[in-house]
Number of protein chains: 4
Amino acid sequence: MNPLALAPLEDVQSQCDDRGIEIDEVGICDLRMPVQVLARSGSSQSTVATVEMAVALPHDVKGTHMSRFVEVFHTSTSTLSPQTVGKLAEQIRARLDSARAVIRIDFPYFIAREAPVTGLAAPVEYRGHLEAAVGATTEVRVGVRTPVTSLCPCSKEISDYGAHNQRGYVEIDVTCVPGSFVYLEDLIDVAEQSASAPIYSLLKRPDERHVTMQAYENPAFVEDIARDAALLLKADDRVGAFTVRVTNLESIHSHSAVATIRSRRA
Amino acid sequence: MNPLALAPLEDVQSQCDDRGIEIDEVGICDLRMPVQVLARSGSSQSTVATVEMAVALPHDVKGTHMSRFVEVFHTSTSTLSPQTVGKLAEQIRARLDSARAVIRIDFPYFIAREAPVTGLAAPVEYRGHLEAAVGATTEVRVGVRTPVTSLCPCSKEISDYGAHNQRGYVEIDVTCVPGSFVYLEDLIDVAEQSASAPIYSLLKRPDERHVTMQAYENPAFVEDIARDAALLLKADDRVGAFTVRVTNLESIHSHSAVATIRSRRA
Amino acid sequence: MNPLALAPLEDVQSQCDDRGIEIDEVGICDLRMPVQVLARSGSSQSTVATVEMAVALPHDVKGTHMSRFVEVFHTSTSTLSPQTVGKLAEQIRARLDSARAVIRIDFPYFIAREAPVTGLAAPVEYRGHLEAAVGATTEVRVGVRTPVTSLCPCSKEISDYGAHNQRGYVEIDVTCVPGSFVYLEDLIDVAEQSASAPIYSLLKRPDERHVTMQAYENPAFVEDIARDAALLLKADDRVGAFTVRVTNLESIHSHSAVATIRSRRA
Amino acid sequence: MNPLALAPLEDVQSQCDDRGIEIDEVGICDLRMPVQVLARSGSSQSTVATVEMAVALPHDVKGTHMSRFVEVFHTSTSTLSPQTVGKLAEQIRARLDSARAVIRIDFPYFIAREAPVTGLAAPVEYRGHLEAAVGATTEVRVGVRTPVTSLCPCSKEISDYGAHNQRGYVEIDVTCVPGSFVYLEDLIDVAEQSASAPIYSLLKRPDERHVTMQAYENPAFVEDIARDAALLLKADDRVGAFTVRVTNLESIHSHSAVATIRSRRA
């Protein structure tokens, strides 16, 4: 079929709409794409992203043009980073001819971690998040979910021996102060420093002994982990508003313990 | 083991904390419990809920008492409804001795739907949501995710025959005007009226013919569904702020189309 | 629209197929329905099921009639149990006029558990599974996923204090010996007896002390839990073939440890 | 801490076990790792894998050594492919000193697809699967889940206009005939040829017109898609046993239609 031979196809989306209702965000979600993400070190890594992109739609236009989101994202040559995600949102805003645009990108992100005694290294998975909203202003958000070990201070205190411990997740989401950029690695550092012990992919027996005892020496409730992370974030001039959410997959329950601190920095 | 024979166990949670950071929300999530939910008709149905409950924690207290959330929820005899969820949040606030409390409850919810021609009935699943936050004021939110059929107006217009259509989801979340209550059924009605056609669990051939043609006669973009739903919600005096999010599982793509309208009623 | 006024609608499914390929299973999956499940005690509980139903389709028939699965399931008045699931599969086989039929039903299942010291009770969630295949013979399978606590024997042995522990899941799936029936509660008992400690929904401090020390006194690898469960299952005359799969959400890793034992009883 | 200064740490896993029960598979699952996968074209792509690795454990040994799985996988320099996955399983078997080993690897896999009229290209996501079991013999399995469009033949036949259609998934899993290798691309070709139309990430209006009409011209039940795929697989000498499972996310229901064909080639 030759598209040039076709009569022009009606552009239904560009028709008028008389319902008088502006749409805050319209676009696509759950788009899966291979991407490159910039590391704090300056190198980049290949990973797979889940992407949501949207624009505002004026009250008098029937629809947006969905295929353009995919075109902009796919043809962008940028390595994703806190520096480039705002530019990508601006490209979307311009291509879709809208007053505002937003992009949200989630992806697994790997950092090689050395076991604390043997020094053997293997990648640990974190869940990264980059988001930008452009309109009258540009806002860039960086987030990451870090797996950690937590050990219950109450269980340790009241028991003659042992203490329940578990895998937990520290989710940190920050709005960058304009002109400043925070890296995933910065937030992962905050999370791991705040927990009872970091998580590793590869631990030999001397390492397992080390992290078992490290966790026992550093008991922390979800409240403690959230507060310690909040203190570190408040001390970072690059960080504007932030949210810390800590979730422990309690080993003695099927439900989780959770603590959330939100800061709207003046 | 006789608990009375034990030395009193240290209450680690009640210890002082000198980090000076209030916690916005601390509690439990992913608690699974059988519950009763009140229908608009006045009857109630048994279902299974996923529950999050949390309170604010002052800056100078180390931790909250997690087991009390489960106690309050489990011993509450209330059938869940927009009317009772605020009282449940207040019980949590009082039992945990906090300035603020929040409860969020998600559950599958079933309504018997009659096929449009044969009249045969079978339950359709919706995802219900009840939420209450109590503190200086009480806010009650009601939400539901409704599966619908959508048929693409552009595909219909530009093609000689056929039109791509797909399963979509209309998610509506409303804040009730104080003293008023919105039922899940009210929001499901809004969603189904706004889509190309409703979803059914049981359709015989005459019914399938009916809904196939109904969808073809009512093409709707995600933008159209969101706007029609917003118009209906704006006309309802019981509805304060609301969010409508429509997602189509595009049959010609692996990603989805999505439109969101947020209203903060004055 | 009056279905009687319609010309008879073509039955496309009943047309001949000349590709010569029998279909092992054709039907529906992810059907969500409210159900009643029979407990070992003789009482029943309301829950929500995810259902798959399918039949064999001869090589010369184009399609099956999907709506009939929903009709049979919805109009069945049976409380689900190992005794009734085989009859339900037989109803499907007869209604779909097939040589073989299978039904698989998954559902959350709750049992009130008393805390070990204070005796306070609250429901714990298990994931139940009932399956039946009917054809030349009838096979009934019963399964359940039980959350447990496990404590690592290696970590305990090599560390001066503490031991990593975590939430784990014991999945047991058994084929009932013809004429015999195994209850979910039987399999949950096996799982909880094999782990370091059971999971509870509600634990006060004396209870938390108890389960912390109980787990420390009963360290178990996934291998240990799987073997102890297998020994108990082998000793049960009602149990034919079985599979035990134990998964630990390692607190020191982001991956899980897993052990599987399959028995095909002679 | 200096590991050399430690007394030798007890190897608890190597202790004897007197329960007399062999474990079919013990190892780790849900390990997430960045990997390279070989394409049929000879190039390779970066993606992120979820990995399960396990070995058989004799009846008289207490436990396996979990960290060795991660070591073998992480230090392997192989690009993953049907040719290399068997060698990887053999490396695991040797390193864990076991009679049998199995590895299962799942990953998103992308292929650039050109829109049928405009020729614009963008990646489409497939879910790939590589598996190998080594023991007395070596078995290699290759699988992929392909998203497709399906249009209901019954709905088209009985309606005056339109036809319900939806996103579907074709899951093909094949055992390679020893010495032969099947690529993901081979199985994706089979799936896309069997459906009503392929799925694309990027379609402009002339393309959308094309695929809308293509699907309408090629109605297919799940039974049809499964049979057409089975015919193609039976004609491929490299394919031994195979399973085809086709699932349609019905646009008029919340449940799915599903057909499964299993072939155990003599």
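Shown above is the structure to which this text applies.
What you see as residue numbers is a count from 1 along each chain, following the sequence as written. By the order in which they are written, chains take letters starting at A while ligands take numbers starting at 1. Per-residue local features of the predicted model are confined to residues with pLDDT of at least 70, and side-chain atom pairs are confined, for both listing and counting, to 80 or more; whole-chain, interface and lining totals are unaffected and use all residues. Values shown for side chains rest on all heavy atoms present in the structure; no hydrogens or waters enter the calculation.

1. Observations regarding the side chain of Ser263(C)
All names here are of chain C.
- Working definition: helices are DSSP H or I runs of at least four residues, strands are E runs of at least two. Numbering for both runs from the N terminus. Along the chain, Ser263 turns up in strand S9 (residues 256-263).
- According to the relative accessible area criterion, Ser263 is buried, its value standing at 12%.
- Any pair of residues with heavy atoms lying within 4.5 Å of one another is described as a contacting pair. Apart from residues no more than four positions distant in its own chain, Ser263 is found in contact with Lys234, Ala241 and Phe242. Exposure is judged per residue with a 1.4 Å probe applied to protein chains only, and the accessible area is read against the type maximum: over 50% gives exposed, under 20% gives buried, and values in between give partly exposed.

2. What to know about the interface of chain B and chain A
- Facing the 51 residues of chain B at the interface are 51 residues of chain A.
- A simple way to read buried area is as the amount of 1.4 Å-probe accessible surface that goes missing from two parts once joined, with both sides added. Between chain B and chain A, roughly 4200 Å² of surface is buried when both sides are summed, and carbon and sulfur atoms account for 56% of that area.
- Area buried by chain B at its contact with chain A is led by Arg19(B), Ile21(B) and Arg227(B), which between them contribute 17% of it.
- Criterion for a salt bridge: a side-chain nitrogen of Lys or Arg within 4 Å of a carboxyl oxygen of Asp or Glu. The interface formed by chain B and chain A includes twelve salt bridges.
- Its salt-bridge partner being Arg227(B), residue Asp17(A) comes within 3.5 Å of it at the nearest N-O pair.
- Two N or O atoms count as a polar contact when they lie within 3.5 Å, although within protein this holds only if one can serve as hydrogen donor and the other as acceptor, and sequence-adjacent residues are included solely when both atoms are side-chain atoms. Taken together, chain B and chain A are joined by 31 residue pairs in polar contact (both at pLDDT 80 or more).
- For the side of chain B that touches chain A, the secondary-structure elements that each account for two or more residues are strand S1 (23-38), strand S2 (44-57), helix H1 (66-75), helix H3 (153-158), helix H6 (222-234), strand S8 (239-248) and strand S9 (256-263) of chain B.
- Top element by residues in the side of chain B that touches chain A is S1(B). It accounts for nine residues.

3. Concerning the packing of H1(B) against helix H2 (residues 82-95) of chain B
Residues and elements named next belong to chain B.
- Note on geometry: axes are lines fitted to C-alpha atoms, helical ones only across the stretch in contact, with angles between N-to-C directions running from 0 to 180 degrees. Contact geometry for H1 and H2: axes closest at 10 Å, N-to-C directions at 140°. Note that H1 runs across H2; the crossing there is right-handed. Contacts between H1 and H2 involve Arg68, Phe69, Glu71, Val72 and Phe73 from the former and Leu88, Gln91, Ile92 and Arg95 from the latter. Here a crossing is taken to be left-handed if its near helix is turned anticlockwise relative to the far helix by less than a right angle, and right-handed if that turn runs clockwise.

4. Digging into the interface of chain A and chain C
- If you look at the interface, chain A gives 37 residues, while chain C gives 37 residues.
- Across the chain A/chain C interface, buried area totals approximately 3200 Å², and carbon plus sulfur atoms make up 53% of it.
- Counting the surface chain A buries against chain C, the share from its top three residues, Tyr161(A), Arg167(A) and Ile252(A), is 20%.
- The tally of links from chain A across to chain C stands at two salt bridges.
- Taking the shortest distance from any N to any O, the salt bridge between Asp160(A) and Arg209(C) comes out at 3.1 Å.
- The tally of links from chain A across to chain C stands at 29 residue pairs in polar contact (both at pLDDT 80 or more).

5. A word on the relation of the copies chain A and chain C
- We place the copies in one frame by least squares, fitting the C-alpha atoms of every residue whose pLDDT is at least 70 in both. The two copies are related by a screw motion: chain A maps onto chain C through a turn of 180° and a shift of 0.0 Å along the axis, at an RMSD of 0.0 Å. With respect to symmetry, the two chain copies, as superposed, fit the operation of a two-fold axis.

6. Details of the layout of surface pockets
All names here are of chain D.
- By volume, the largest pocket amounts to about 700 Å³.
- Lining of the largest pocket is provided by 15 residues; of these, Arg104, His129, Glu131, Arg141 and Asp173 occupy positions nearest its centre.
- For the lining of the largest pocket, the secondary structure elements donating two or more residues are strand S3 (101-114), strand S4 (121-134), strand S5 (138-151), strand S6 (165-176) and strand S8 (239-248). Of the two site types, the cavity is a set of points on a 1 Å grid over the protein atoms alone where a 1.4 Å probe fits but cannot get out, and the pocket is an open set with protein on both sides within 12 Å along at least five of seven lines, each lined by residues with an atom within 4 Å of a point. Grid points are joined across faces, edges and corners, and a volume is the space filled by probe spheres set on the points.

7. As for the relation of the copies chain B and chain A
- Of the transformation superimposing chain B on chain A, the axial component is 0.0 Å and the angular component is 180°, with the fit at an RMSD of 0.0 Å.
- When you check the interface residues of chain B against chain A, 100% turn up at the interface there too, and the contact is symmetric in its surfaces.

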